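# A closer look at the structure
If you want the building blocks of each chain, they are given just below.
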Amino acid sequence: MAKFSVSEKVKVVDVTSGHHGQVGTVTVIAPKQVGTFYWLKFGSAASGGRFGEDQLQAAT
């Protein structure tokens, strides 16, 4: 079961990511062998990225 849902705002907490500290919106959830991948969209731009559950936390 996915930790986050589509349209949920999440923050990138992975310090090695170029998106560290940014808040994005989950647009796609995809299963993987261990855990789940999330595709995030940042702002109104088309740019985004793929992240694992351990790289994200719910935005407050």
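Note that the structure is predicted; figures quoted are calculated from it, not measured.

### Looking at the overall build of the protein chain
Assigned secondary structure in the protein chain consists of 0 helices and 5 strands. Going from the N terminus to the C terminus, the protein chain shows its helices and strands as β-β-β-β-β. The C-alpha radius of gyration of the protein chain comes to 10 Å, within 12% of the 10 Å expected for a compact globule of 60 residues. If one aligns the C-alpha atoms of the protein chain with their principal axes, the spans along those axes are about 30 × 20 × 20 Å. Long-range pairs, those at least 24 residues apart, make up 35% of the contacts in the protein chain with a sequence separation of at least 6.

### Remarks on the environment of Gly48
One can find Gly48 in strand β4 (residues 48-52). The class for Gly48 is partly exposed, based on a relative accessible area of 23%. Sequence spacing of Gly48 and Val23 is 25 residues, and the spatial spacing of their C-alpha atoms is 11 Å. Among all residues touching Gly48, those that are not within four sequence positions of it are His19, Trp39, Leu40, Lys41 and Phe42.

### Looking at the pairing of strand β1 (residues 9-12)
Burial of the side chains of β1 is restricted to one face: Val10 and Val12 are buried, whereas none of Lys9 and Lys11 on the reverse face is. Pairing geometry for β1 and strand β2 (residues 23-31), over 3 bridges, is antiparallel. The residue bridging Val10 from the neighbouring strand is Gly24, located in β2.

### Describing the sheet that holds strand β5 (residues 56-58)
The strand order across the open sheet formed by 5 strands is β4-β3-β2-β1-β5, and the pairing between neighbours is antiparallel. Whereas interior strands pair on both sides, the edge strands pair on one side only; in this sheet they are β4 and β5. Averaged over neighbouring strand pairs, the angle between their axes works out to 45° when direction is ignored. Of the pairings in the sheet, the one linking β2 to strand β3 (residues 36-41) comprises 6 bridges and is antiparallel in character. Bridge pairing in β3 places Pro31 opposite Thr36.

### Digging into the nonpolar core
Within the largest apolar cluster, 9 residues are counted, these being Phe4, Val10, Val12, Val26, Tyr38, Leu40, Phe42, Phe51 and Leu56. Going through the elements one at a time, β1 and β3 are the ones with two or more residues in this core.

Thresholds applied
Residues numbered from 1 in each chain as written. Predicted model: local features only at pLDDT ≥ 70, side-chain atom pairs only at ≥ 80, totals over all residues. Heavy atoms only, no water. Helix = DSSP H or I, 4+ residues; strand = E, 2+ residues; numbered from the N terminus. Rg over C-alpha atoms; globule rule 2.2 N^0.38 Å. Contact = heavy atoms within 4.5 Å. Buried < 20%, exposed > 50% of the residue type's maximum accessible area, 1.4 Å probe, protein only. Pairing = 2+ DSSP bridges. Axes fitted to C-alpha atoms, helices over the stretch in contact; angles between N-to-C directions. Core = buried A, V, L, I, M, F, W, Y, C linked by side-chain atoms within 4.5 Å.

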